[in-house]
Amino acid sequence: MMKLDRRNALLAGSMLAAASLLPGAAFAQNDDRAAIRAAAEAQKDASVARIQHWIRNPSIAAQNLNMQEGAEYMAALARDAGFQEVEIVLTDGHPGVFATYDVGAARTLGVYFMYDVKQFDPSEWSSPPTEAAFVDKEGFGRAIMGRGATNQKGPEATFLAALHAFKQAGVTLPVNLVLIAEGEEEIGSPHFSQITAKPHIMEALKRTEGIFIPAGWQDKSGAVEVSLGSKGIVELELISSGESWGPGPDKDIHSSLKAAVESPAWRLVYALQTLVKDDGNKVAIDGWFENVRPLTEREKALIAEAAGKVDPEEQKRMLGIDSWIDDLSYPDAMTRLAQEPTVNIEGLVAGYTGEGGKTILPGRAVAKLDLRLVPNQTRAEAEEKLRAHLDAAGYPDIEVKVTGGYDPTETPENTRLMQSILATYRQNDVPATLIPRSAGSWPGGDVHGTAPVPARRPFRHGPWIGSARTGRILCHRFDEPGGEGPRRCDHGLCRSALPGRRRRLTARKKGAPASSAAPLSLQDFPQLIARSGNPGFPAAPRPSGRARGIRGTLRRAEWRRPLQG
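Model, not experiment: these values are computed from the prediction.

Time to look at the overall build of the protein chain. What the protein chain contains, in helices and strands, is 16 helices and 19 strands. When each of the 565 residues of the protein chain is scored for burial, the buried share is 56%. Sequence-distant contacts, at least 24 apart, represent 81% of the contacts inside the protein chain between residues at least 6 apart. Summed over its atoms, the accessible surface of the protein chain is roughly 23,100 Å², and 50% of this surface lies on carbon and sulfur atoms.

Okay, structure coming up:
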């Protein structure tokens, strides 16, 4: 859901202006701000149209839906916003986009975008998820509802609209920009490191002060949470099959045979049970906690302060729960949320799942899991310990299929960029509360170097800033010892080429020679979409992509400055 109001229309401009808080960055004060504000207001309709059109263009990595179109559209948005050099970057999976906006400034800041969204079931939505319709939302007013409105197309379009406002106002950005965008965030970013590993991309990232993600986290009161990091994640499947096990059938058979034949589904259930304690709330994987860094006293104090500003009953109502885990108090539950690594079951798939019953004994069962990691755990460590645990517990036949993931991230509270965030909030009279880390995840570690990091030293990549006025830092500084390019995933699945994925990623304009490929502009997309026959892309004409202001919110960043908005 993307809230549309006058205040949020200027948020991204505030973030860009905040860069002038950094030494070496210059930004004029009141006159420039007034001009940017006027431009953003004038571009409101185009800004809203941009968000709606992008939401109507769903790219879903898990379903391989519109990934080529999504990358092309992302590249067109970047060009239209003023990025001079825009490149679609091929990977073994879905493509990314790299772009630079050079204004000759002394300092450079980076931006991370994701152009993919999660899968959706229209029956679960009160408004169709790809219509991007306006709805009245209690506590927020009139808003755009659709898949990606909040995560992340609305906030990202907000940032792009700020660039349009600067351009329309004739105001030079206070910093140069480097943009990296991926289409696999929702599946654990399995090939993001292949994007950042390109020498020219890594060189550009090394020049940045930090990288943030536009996102929307601001509560109904207008207050925000500024997060100093996030958990890591491993996304995977555990697969039990008669084919790999032996005693179970290698295909579905009639359920009447259960008395004589083993069940791969039950074997998976018992294997899952070994991963957690009896209540399912504490991880029981051997050695799981040996490298977990305990919260510091300062971090505990930050959590307690943040918890005291929240209505626990309202939080329960929003989540649809009656109590917190293990009947903990809200402050204790929030402490646990920051401290604990977890094993979560996302889904279970076996046999017949349609209406009614079907008398079969499945030959295969799958559990979709995510493992959330905290400092100083690593993805590689978690994968190794899971495999070793299953083997030791007597389940060597259970296949562990890792599909994505990355390490946790941290940014020190006293960094210059973090202090710039807090200063921006103060200048805008926005209440801001620091928290140690978000329970969510993002691929901050994958912009880092391949060289080993000292044992148990956490990555210092950035905070999640929960706000309609911020972004989140992807990388604080490229100053870890020996860091010379992103870590490469050594998992076989990530190294292997995926047939059919390396499609041509630049659609030719009508009339272009077969040997050339002209980059698309936003004006090309209605025609391209109409030709594709994809219902997710409306063929109707849309407003020019050049005039915009924006609606939305920004989350998690390490630098900003107000626009008095």
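With that out of the way, let us pick up the packing of aromatic side chains. For the coordinates displayed, the defined rule picks out seven aromatic pairs. Taking 6.3 Å as the distance between ring centres and 40 degrees as the angle between the ring planes, the aromatic pair formed by Trp 266 and Tyr 270 counts as tilted. One end of the pair is Trp 266 and the other is Tyr 270, both in helix α9 (residues 264–273) and four residues apart, which spans about a single turn. Pairing Trp 324 with Tyr 330 gives two aromatic rings, centres 5.3 Å apart and planes at 55 degrees, and the pair type is tilted. We classify Trp 324 as buried; its relative accessible area is 12%. Relative accessible area serves as the criterion here: at 9%, Tyr 330 is assigned to the buried category. By way of ring pairs, the aromatic residues Phe 113, Phe 159 and Phe 212 are connected into one cluster. Over the face of the ring belonging to Phe 134 we find Arg 142, whose NZ or CZ atom lies 4.1 Å from the ring centre.

Turning next to the packing of helix α2 (residues 30–42) against helix α5 (residues 153–169). Contact geometry of α2 with α5 gives a least axis separation of 8 Å together with a crossing angle of 115 degrees. Between α2 and α5 lies a crossing of right-handed hand. Note on element contacts: α5 touches α2 through Ala 165, Phe 166, Gln 168 and Ala 169, opposite Ala 35, Ile 36, Ala 39 and Ala 40. Looking at the contact of α2 with α5 residue by residue, the class counts come to seven nonpolar, one polar and no charged.

Here we take up the pattern of salt bridges. Here the structure, examined in full by the defined rule, presents 21 salt bridges. With its nearest N and O atoms 3.6 Å apart, the salt bridge here joins Asp 250 to Lys 251. Owing to a relative accessible area of 53%, Lys 251 belongs among the exposed residues under this scheme. Two residues, Glu 297 and Lys 300, come together in a salt bridge whose shortest N-O distance is 3.6 Å. Here Lys 300 and Glu 297 lie together in helix α10 (residues 297–307), a separation of three residues that amounts to about one turn. By relative accessible area, which is 37% here, Lys 300 ends up partly exposed. Connected via shared salt-bridge partners are Arg 293, Glu 299, Glu 410 and Arg 437.

Before going further, it helps to spend a moment on the sheet that holds strand β2 (residues 85–89). Across a sheet, paired strands are connected by hydrogen bonds in the backbone, their directions being either parallel or antiparallel. Taken in spatial order, the five strands make up an open sheet running β2-β3-β7-β4-β8, and their pairing is mixed. Every interior strand has two partners, whereas the edge strands, β2 and β8 (208–212), have only one. Neighbouring strand axes in the sheet, compared pairwise and without regard to direction, differ in orientation by 15 degrees on average. Here strand β4 (residues 108–114) pairs with strand β7 (residues 176–182) via seven bridges, running parallel. Bridged to Tyr 112 within β7 is Ile 180. Contacting β2, β3 (96–101), β4 and β7, helix α4 (residues 67–81) crosses the sheet at an angle of about 170 degrees to β2.

Further remarks concern the sheet that holds strand β16 (residues 399–406). Strand order in the open sheet formed by four strands is β13-β15-β11-β16, and the pairing between neighbours is antiparallel. Because the sheet does not close on itself, it has two edges, and the strands there are β13 (342–350) and β16. Within this sheet the neighbouring strands show an average axis-to-axis angle of 15 degrees, counted without direction. In terms of strand pairing, strand β11 (residues 232–241) meets β16 through seven bridges, oriented antiparallel. Counted as the bridge partner of Leu 238 is Val 400 from β16. Across the sheet, α9 lies against β11, β13 and β15 (364–373), angled at about 20 degrees from β15, the strand it touches most. Where helix α13 (residues 379–392) meets the sheet, it contacts β11, β15 and β16, and its direction lies at approximately 165 degrees from that of β16.

What follows is about the nonpolar core. Counting residues in hydrophobic clusters, the biggest one holds 45 residues, and the most contacted among them are Trp 54, Met 74, Phe 83, Phe 113, Leu 163, Leu 177 and Leu 179. Those elements giving two or more residues to this core turn out to be α2, α3 (44–55), α4, β2, β3, β4, α5 and β7. The leading source of residues in this core is α4, at nine residues. Counting 23 residues, the second largest nonpolar core, distinct from the first, contains Ala 271, Ala 365, Ala 367 and Tyr 395.

Let us now look at the side chain of Glu 340. On the secondary structure map, Glu 340 appears in the loop between α12 (330–339) and β13. A relative accessible area of 14% places Glu 340 in the buried class. At 3.3 Å, the side chain of Glu 340 forms a polar contact with the side chain of Lys 282. Discounting residues that sit within four places of it in the chain, Glu 340 has contacts with Lys 231, Lys 282, Phe 289 and Val 374.

What follows covers helix α11 (residues 312–319). The opening residue of α11 is Asp 311, an N-cap whose side-chain oxygen sits 3.1 Å from the backbone nitrogen of Glu 313. Gly 320 sits one or two residues past α11 and shows a positive phi near 75 degrees.

Taken together, the five bridges between strand β5 (residues 133–137) and strand β6 (residues 141–145) define a ladder with antiparallel strand orientation. Bridged to Lys 137 within β6 is Gly 141. The turn linking β5 back onto β6 is made up of three residues, and Gly 139 within it adopts a positive phi angle of 85 degrees.

A few words on the confidence of the model for the protein chain. When pLDDT is averaged along the protein chain, the result is 79; 74% of the residues meet or exceed 70. For the stretch residues 4–11, pLDDT sits under 50, and the model shows 33 contacts to residues farther than four places along the chain or on other chains. Counting interchain partners and residues more than four positions distant, the pLDDT-below-50 stretch residues 449–517 has 272 contacts.

Let's shift gears to the side chain of Lys 231. Among the secondary structure elements, Lys 231 is positioned in the loop between β10 (229–230) and β11. Buried within the structure, Lys 231 lacks any salt-bridge partner; its nearest side chain of opposite charge belongs to Glu 340, at an N-O separation of 7.7 Å. Within polar-contact distance, the side chain of Lys 231 engages the backbone oxygen of Glu 340 at 2.6 Å.

The rules behind the values
Residues numbered from 1 in each chain as written. Predicted model: local features only at pLDDT ≥ 70, side-chain atom pairs only at ≥ 80, totals over all residues. Heavy atoms only, no water. Helix = DSSP H or I, 4+ residues; strand = E, 2+ residues; numbered from the N terminus. Buried < 20%, exposed > 50% of the residue type's maximum accessible area, 1.4 Å probe, protein only. Contact = heavy atoms within 4.5 Å. Areas by Shrake-Rupley, 256 points an atom, 1.4 Å probe, with all protein chains shown as cover. Phe/Tyr/Trp six-rings, centres within 6.5 Å; stacked < 30°, edge-to-face > 60°. Lys NZ or Arg CZ within 6 Å of the ring centre and 35° of its normal. Axes fitted to C-alpha atoms, helices over the stretch in contact; angles between N-to-C directions. Left-handed = near helix turned anticlockwise from the far one by under 90°. Nonpolar A, V, L, I, M, F, W, Y, C, P; charged D, E, K, R; others polar. Salt bridge = Lys/Arg side-chain N within 4 Å of Asp/Glu carboxyl O. Pairing = 2+ DSSP bridges. Core = buried A, V, L, I, M, F, W, Y, C linked by side-chain atoms within 4.5 Å. Polar contact = N/O pair within 3.5 Å; in protein donor to acceptor, adjacent residues only side chain to side chain. pLDDT = per-residue confidence, 0-100. Lys, Arg positive; Asp, Glu negative; His and termini not counted.

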